[in-house]
Amino acid sequence: MNVLSLFHFTFLLREVRTPSWRPWILRKQQFSLPRVPLLQAGGKKNSFNLLGLTEAELKEQFVRGDGPGGQATNKTSNCVVLKHIPSGIVVKCHQTRSVEQNRKIAREILQEKVDLFYKGEDSDVFKEKKASEKKKQEKKRRAKENLERKKHLKEMQQLDKK
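Below you will find a few notes about this structure.

Criteria and cut-off values
Residues numbered from 1 in each chain as written. Predicted model: local features only at pLDDT ≥ 70, side-chain atom pairs only at ≥ 80, totals over all residues. Heavy atoms only, no water. Helix = DSSP H or I, 4+ residues; strand = E, 2+ residues; numbered from the N terminus. Expected span 1.5 Å × (residues − 1). Buried < 20%, exposed > 50% of the residue type's maximum accessible area, 1.4 Å probe, protein only. Polar contact = N/O pair within 3.5 Å; in protein donor to acceptor, adjacent residues only side chain to side chain. Core = buried A, V, L, I, M, F, W, Y, C linked by side-chain atoms within 4.5 Å. Contact = heavy atoms within 4.5 Å. Phe/Tyr/Trp six-rings, centres within 6.5 Å; stacked < 30°, edge-to-face > 60°. Pairing = 2+ DSSP bridges.

1. Focus on helix 4 (residues 99-119)
Compared with an ideal rise of 1.5 Å per residue, which puts 21 residues at 30 Å, helix 4 spans 30 Å between its outermost C-alpha atoms and is within 8% of the ideal. Along helix 4, the residues that are buried comprise Asn 102, Ile 105, Ala 106, Arg 107, Ile 109, Leu 110, Glu 112, Lys 113, Val 114, Asp 115 and Leu 116. The N-cap of helix 4, judged by a side-chain oxygen 3.4 Å from the amide nitrogen of Glu 100 a few residues on, is Ser 98. Just downstream of helix 4, Gly 120 is the residue with a positive phi angle, here 65 degrees.

Following this line, the structure appears as structure tokens:
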């Protein structure tokens, strides 16, 4: 990869950064956990309501990966960068050492992001994320209630001892 194409590639990545007013799911993930497609993580293996992607709409590049792994990740070009040309959404996937698996995972993630971009709140991805957030809040609320009950029980036991 020559210097000019590298400059052009970094310029394209800068160009596609999502502004802060866009939905939260389109922002780049800040944590380093492996990104699994949301619907797949939610137990739904295939969703037929997602928008389809055609190969003509995609621009695919293979770049060197980064992160832990030393020479195995730093010298092989098995990181997949997919760009959806009409929307400008870019996905970078380097979860496995296999290029084919990374291509598949990147397409699934990109399909979810494009679906969310075009459908917004009507998207299955958005609904799944909201449902998981609601479930998490409910679990947190129940844990807090249990903690309050335990505190109250301890106080009652201390009063009985006196």
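2. A few points about the nonpolar core
Nonpolar side chains in soluble globular proteins tend to end up buried together. In terms of nonpolar packing, the biggest core is built from 11 residues, these being Leu 58, Val 80, Leu 82, Ile 89, Val 91, Cys 93, Ile 105, Ala 106, Ile 109, Leu 110 and Val 114. Counting residues per element, the ones that place at least two in this core are strand 2 (79-84), strand 3 (89-93) and helix 4. No other element matches helix 4, which puts five residues into this core. Residues in contact with Leu 110, not counting those within four places in the same chain, are Leu 53, Leu 58, Leu 82, His 84, Ile 89 and Val 91.

3. Concerning the packing of aromatic side chains
Following the criterion strictly, the structure yields one aromatic pair and no others. Their ring planes at 85 degrees and their centres at 5.2 Å tell us that Phe 117 and Tyr 118 sit as a pair that is edge-to-face. Given the relative accessible area of 44%, Tyr 118 is considered partly exposed.

4. Comments concerning the side chain of Asn 102
Considering the arrangement of structural elements, one finds Asn 102 in helix 4. Beyond its immediate sequence surroundings of up to four residues, Asn 102 is in contact with Asn 78, Val 80, Cys 93, His 94, Gln 95 and Thr 96.

5. With respect to the pairing of strand 2
Here strand 2 lies mainly inside the structure; six of its six residues are buried. Here strand 2 shows no split at all, with Cys 79, Val 81 and Lys 83 on one side and Val 80, Leu 82 and His 84 on the other all buried. Pairing between strand 1 (residues 58-63) and strand 2: six bridges, direction antiparallel. When the bridges of strand 2 are listed, Gln 61 appears paired with Val 81. Across five bridges, the pairing between strand 2 and strand 3 is antiparallel. Bridge pairing in strand 3 places Val 81 opposite Lys 92. Hairpin connection, strand 2 to strand 3: the antiparallel pair is bridged by four residues, and Gly 88 has positive phi, about 80 degrees.

Shape is all these values report; function is a separate question.
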